[in-house]
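Structure at a glance
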Amino acid sequence: MAQTQLQAAREGTVTPEMERVAERENRDPELVREQIADGQAVIPANRHHDALDPMIIGREFATKVNANIGNSETTSDLETELEKLHTAVHYGADTVMDLGTGSDLDEIREAHIAHSPVPLGTVPLYEAVKRAGSPEAITKDLLLEIIEKQAEQGVDYMTIHAGILAEHLPLTDGRKTGIVSRGGSIMASWMEAHGEQNPLYQVFPEICEIFAEHDVTFSLGDSLRPGCLADACDEAQYAELDTLGELTQVGWDHGVQVMVEGPGHVPMHKVAENVERQQEVCDGAPFYVLGPLVTDVAPGYDHITSAIGAAMAAQAGAAMLCYVTPKEHLGLPEEDDVRAGLAAYRIAAHAADVGTERPGARDWDDALSEARYAFDWHEQFDLALDPDRAQSFHDQTLPGDNYKQARFCSMCGAEFCSMRIDQDARADGKMKSLEEDEGTDLQTSPAAEVNRPPVGTHAAGDLPPMADHEGSDALEEASDD
Ligand code: SF4
C-alpha cells in the first residue's frame, strides 16, 4: 500500500507534495517534512485527486481559509455547483468544503474533484442521512460504505463527527442553544434512538484504515461547539475536545493526517484560551476554526463578527479559518456573499500572518502603502486584495483617467489631502524628507504565496478546463475577468 504523507515524512522522505508546498510557502522542504512527521501540519492530498495543487495547513505556515459550498434540497444542479467552486477559488479560498445535501451528490462531487486545484472536504454523514432517510436509520455499514466511496472518489479531507459521545449529551442540557452542529445533532439523535455509543466512534479504527489507504486527512468535527456566547467553553465543549485529543492519537497511530475543528461563537477574551487548550489536548494538531463569532447581535454582518474572532484565533495559533458569510444564520449564500465572506477571511488570515511575523508577510502591506503615498492609483488597485472593488469605489466619484494621476481622492479633496500637503511641505524644506529606499519588491519577497497579490484573482487558466461537463461555456465566461 502506498504511504500517506505522514508515513513518508516519518521515514524521512520529502514527497513531491512536500516539495510543492515548500515552494508555495517559501520554506525549507525539510521543515515541511518535520512538521508533517510530527503531526503539526497536514497536506490534504488524496492520491486520486489529480487536479490538486497541494497546500499545507499548520501553525508554522501561512494561515489558510476554507469556503463552504454545496447544494441544498431547493437548489441543485451541476452547473451552479461548479460555478460556486469557481467563485470560491477565484476569491481566494485555499480549500473548499462541499456540504451538499441535495440531489446528484456523486456527480457533483466527482466534477468538483476533477476541476478543483484546491483540496476538497466533505461531511460524509450528510450523505448517510440522505441515503438512510433519517438520522436514526443510519447504520455503521452505511457510514463505512459512504466514507470508502468518497475516499475512492478523491475527497482530500472529511469531517468525522466521532468526538461526541453518549456521556456528553447530558452536559448540553443547560445550554441556551443546545447542539448547533448539523453533524452533532444527527449523531445525538442516533445515540438517543439506539441507546448506543456514537457509531462513528465505534468504527473509528476502520475509518482510519480507509483514510490510510487513500491518504484522506481527518478533520475531526466539533459536534458540541457553542452556538452562542453563553455556551462557549462549557463542560460539553471541552469534554468533546478531550475525546478529539484521543482520536487524534488513534489517527496518528494509523499513519493518518489529522486536523481538529473548533468553534463557533466565543467572546473575545476566551478566543486564545480555546486555541491554547486545543493545541495542548491535541498535541499541536492543526486547529481549523469556524470564525469564531465574537458577538451574537449582528445577523447580516456575521462575516465581520466572525472575522474578528478568526484573526484573533489565527494569531493565537489556529492554522485554518472556515469562512462565514453575511448570510450566516439567515440563508444560503450567493456569489456576493461568498465574495464578502472570503474578503473578510483573507483579511483576517493576512492580518494574523503579519501579526505573527510570518516571513515576508508584511511586504504586501508595504508595497501597497508605497503606491498609496506615491498616488500611483493603478498600482494601488492592482495590489488591493479585491482590485475590482477598490477601483470601482474610487471611480464612483472620480472616474476620469486624469484622476489616476491625481494627488488626492474624493475623501478629503484636493485642498485637504494630507498626503499631498505632507509631500509639499517636505519638498519646500519645511519638514525633513522621508527616508528613501528602493521600494518593496514583491517578486523577491520571502512571503508565502497567499501573502502576495493577487489573492482571489485567479485567471481562468489556473483552473482545469471545464469542457467535460455541461455548463462549461458559462464557466469559461465567468472566468474571463
Ligand atoms: S484625499 Fe485623503 S484619503 Fe484621498 S489620498 Fe489624500 S489623504 Fe488619502
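For every chain, the first residue of the written sequence is number 1, and numbering continues from 1 along that sequence. With pLDDT at 70 or above as the cut-off, local features in this predicted model cover only qualifying residues; side-chain atom pairs require 80 or more to be listed or tallied, and sums for whole chains, interfaces and linings still use all residues. For the side-chain quantities, the full set of heavy atoms in the structure was used; hydrogens and water were omitted.

For the protein, an unreviewed UniProt entry supplies the name Phosphomethylpyrimidine synthase and the organism Haloarchaeobius amylolyticus. Under the heading Catalytic activity (unreviewed entry), UniProt records this for the protein: "5-amino-1-(5-phospho-beta-D-ribosyl)imidazole + S-adenosyl-L-methionine = 4-amino-2-methyl-5-(phosphooxymethyl)pyrimidine + CO + 5'-deoxyadenosine + formate + L-methionine + 3 H(+)". UniProt positions are given in the numbering used here, feature names are shortened, and annotations may be inferred rather than shown by experiment. Heading Pathway (unreviewed entry) of the UniProt record for the protein holds this comment: "Cofactor biosynthesis; thiamine diphosphate biosynthesis."

**Thoughts on the site of the ligand**
Here a residue is near a molecule or strand as soon as one of its heavy atoms is found within 4 Å of it. Surveying the vicinity of the ligand reveals the residues Phe375, Cys409, Met411, Cys412, Cys417, Ser418 and Met419. Each residue is assigned to one of three groups, with Ala, Val, Leu, Ile, Met, Phe, Trp, Tyr, Cys and Pro labelled nonpolar, Asp, Glu, Lys and Arg labelled charged, and all others, Gly among them, labelled polar. For the shell around the ligand, the class distribution of residues is six nonpolar, one polar and no charged.

**Focus on a nonpolar patch on the surface**
Patch definition: residues with relative accessible area over 30% and no salt bridge; like charges joined within 9 Å; nonpolar side chains (Val, Leu, Ile, Met, Phe, Trp, Tyr) joined within 5 Å. We get accessible surface area from the Shrake-Rupley algorithm with a probe of 1.4 Å; when it comes to residues, only the shown protein chains can shield them. Counted as salt bridges are all cases of a side-chain nitrogen of Lys or Arg within 4 Å of a carboxyl oxygen of Asp or Glu. The grouping of Met268, Tyr301, Ile304 and Ile308 at the surface amounts to a nonpolar patch, some 400 Å² of accessible area in total. Mapped onto the elements of the fold, isoleucine 304 is located in helix 13 (residues 302-316). Relative accessible area decides the class of each residue, using a 1.4 Å probe on protein chains only: under 20% of the type maximum gives buried, over 50% gives exposed, and in between gives partly exposed. Using a relative accessible area of 44% as the deciding quantity, one classes isoleucine 304 as partly exposed. A helix here means a DSSP run of H or I that spans at least four residues, while a strand means a run of E at least two residues long, and both kinds are numbered starting from the N terminus.

**Brief notes about the nonpolar core**
Take the buried Ala, Val, Leu, Ile, Met, Phe, Trp, Tyr and Cys residues and link them wherever side-chain atoms come within 4.5 Å; each set so joined is a nonpolar core. Ranked by size, the top nonpolar core spans 99 residues in total, and within it Ile160, Leu200, Ile207, Phe211, Phe218, Leu342 and Tyr345 carry the most contacts. A total of seven residues in this core trace back to one element, the largest contributor, which is helix 14 (residues 335-355). Setting aside residues no more than four positions away along its own chain, isoleucine 207 makes contact with Leu144, Ile147, Ile160, Leu200 and Phe218. Within the second largest apolar cluster, 14 residues are counted, among which are Ala9, Met18, Ala41 and Phe61. For this analysis, residues touch if any pair of their heavy atoms sits within 4.5 Å.

**Describing the side chain of aspartate 222**
Its location among the elements puts aspartate 222 in the loop between strand 7 (217-220) and helix 11 (235-253). Leaving out residues up to four positions away in the same chain, aspartate 222 has contacts with Ser181, Glu240, Leu244, Glu261, Gly262 and Pro263.

**Brief notes about the packing of aromatic side chains**
Each pair of aromatic rings taken from Phe, Tyr and Trp, with Trp reduced to its six-membered ring, is defined by centres within 6.5 Å and is described as stacked if the planes are under 30 degrees apart, edge-to-face if over 60, and tilted in the remaining cases. Evaluation of the coordinates by the stated rule reveals five aromatic pairs. Note on phenylalanine 211 and phenylalanine 218: the rings are 4.3 Å apart at their centroids and 40 degrees apart in plane angle, and the pair reads as tilted. As far as the burial class goes, phenylalanine 211 and phenylalanine 218 line up, both buried. With centroids separated by 6.4 Å and ring planes inclined at 40 degrees, the aromatic side chains of tryptophan 377 and phenylalanine 381 adopt a geometry described as tilted. In this pair, tryptophan 377 and phenylalanine 381 both sit in helix 16 (residues 377-383), four residues apart, roughly one turn of the helix. For tryptophan 377, a relative accessible area of 9% puts it in the buried group. Taking relative accessible area as the criterion, phenylalanine 381 reaches 4% and is therefore assigned buried. Connected via pairs of aromatic rings, a cluster forms that spans Phe204, Phe211 and Phe218. Comment: the charge-over-ring label is applied if NZ (Lys) or CZ (Arg) is within 6 Å of the ring centre and within 35 degrees of the ring normal. Cation over ring: arginine 277 sits above tyrosine 238, and NZ or CZ is 3.8 Å from the ring centre.

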